[in-house]
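Geometric and topological summary
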Amino acid sequence: MNISMAAEQSGVSAKMIRYYESIGLIEAAGRRDNGYRDYGDHEVAMLQFVRRTRDMGFSLEEVASLVALWRNRRRSSREVRRLAEKHLADIEARMAEMRTVSRTLKRLVHACHGDDRPECPILDDLAAPKTTAKVARRPGRARKVK
């Protein structure tokens, strides 16, 4: 099948297929006599694997590691799990950061009058220097302010 058909079946755009081939993430497809790429079920399965890993937010470096592990039938599932656990921890940390950003933004939006006055707590907060001081959240607990 040609690259358009492989893109349709895998859910990966033709442009991304070419990119993944150019960086060596996936093997370059064979070529027909006319020079067009020729994809089969194996290549489509590989593209689907890459698409699913990217949909889960794995970086290209992590995807390359997972592809190598997927290809290696003597792999240890320990390494796959380690990669997935690290990625999960990263996602959970980003989610915690986003919850903090959301709370801050809600507070600022609530504090802003949104009228014709020039005073704006949102802009004031954004213009304030970033601090690394610890601020108490609750008695006995502290957190770093970013």
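The rules behind the values
Residues numbered from 1 in each chain as written. Predicted model: local features only at pLDDT ≥ 70, side-chain atom pairs only at ≥ 80, totals over all residues. Heavy atoms only, no water. Helix = DSSP H or I, 4+ residues; strand = E, 2+ residues; numbered from the N terminus. Buried < 20%, exposed > 50% of the residue type's maximum accessible area, 1.4 Å probe, protein only. Contact = heavy atoms within 4.5 Å. Areas by Shrake-Rupley, 256 points an atom, 1.4 Å probe, with all protein chains shown as cover. Arc of directions from axis to C-beta. Polar contact = N/O pair within 3.5 Å; in protein donor to acceptor, adjacent residues only side chain to side chain. Phe/Tyr/Trp six-rings, centres within 6.5 Å; stacked < 30°, edge-to-face > 60°. Core = buried A, V, L, I, M, F, W, Y, C linked by side-chain atoms within 4.5 Å. Salt bridge = Lys/Arg side-chain N within 4 Å of Asp/Glu carboxyl O.

Let us now look at the overall build of the chain. The helix and strand inventory of the chain stands at six helices and four strands. Helices and strands appear in the chain in the N-to-C order α-α-β-β-α-α-α-α-β-β. Burial analysis of the chain (146 residues in total) assigns 21% to the buried set. For the chain, the share of sequence-separated contacts (at least 6 apart) that also reach a separation of at least 24 residues comes to 42%. Working note: accessible area of the chain is about 11200 Å², and carbon and sulfur atoms make up 53% of it.

Turning to helix H1 (residues 3–10), a few remarks are in order. Taken residue by residue, H1 has Ile3, Ala6, Ala7 and Ser10 as its buried positions. Considered in projection along H1, the buried side chains sweep an arc of 100° and stay on one side of the axis. The N-cap of H1, judged by a side-chain oxygen 3.1 Å from the amide nitrogen of serine 4 a few residues on, is asparagine 2. Glycine 11 sits one or two positions beyond H1 and adopts a positive phi of about 85°.

With that settled, the discussion passes to the packing of aromatic side chains. Any pair of aromatic rings gets described here by the distance separating the centres and the angle formed by the planes. A full pass over the atoms with the stated rule returns two aromatic pairs. Between tyrosine 19 and tyrosine 20, the ring centres sit 6.1 Å apart and the planes meet at 50°, which makes this aromatic pair tilted. Its relative accessible area of 5% is what places tyrosine 20 among the buried residues.

Membership of the largest hydrophobic core comes to 23 residues, with the highest contact counts inside it found for Ala6, Ile17, Ile26, Tyr39 and Val50. Among the secondary structure elements, those contributing two or more residues to this core are H1, helix H2 (14–22), helix H3 (41–55) and helix H4 (60–71).

Here the focus is the pattern of salt bridges. Across all of its chains, the model carries seven salt bridges by this definition. The shortest N-O distance in the salt bridge between glutamate 79 and arginine 82 comes to 2.7 Å. Taken as a pair, glutamate 79 and arginine 82 lie in helix H5 (residues 77–111) at a separation of three residues, close to a single helical turn. Accessibility expressed as a relative area gives 31% for glutamate 79, which makes it partly exposed. Take arginine 82: its relative accessible area is 42%, and that puts it in the partly exposed class. When the shortest N-O distance is used, the salt bridge between aspartate 115 and arginine 117 registers 2.8 Å.

Here we come to the environment of serine 13. Among the secondary structure elements, serine 13 is positioned in the loop between H1 and H2. Residue class for serine 13 comes out partly exposed when judged on its relative accessible area of 39%.

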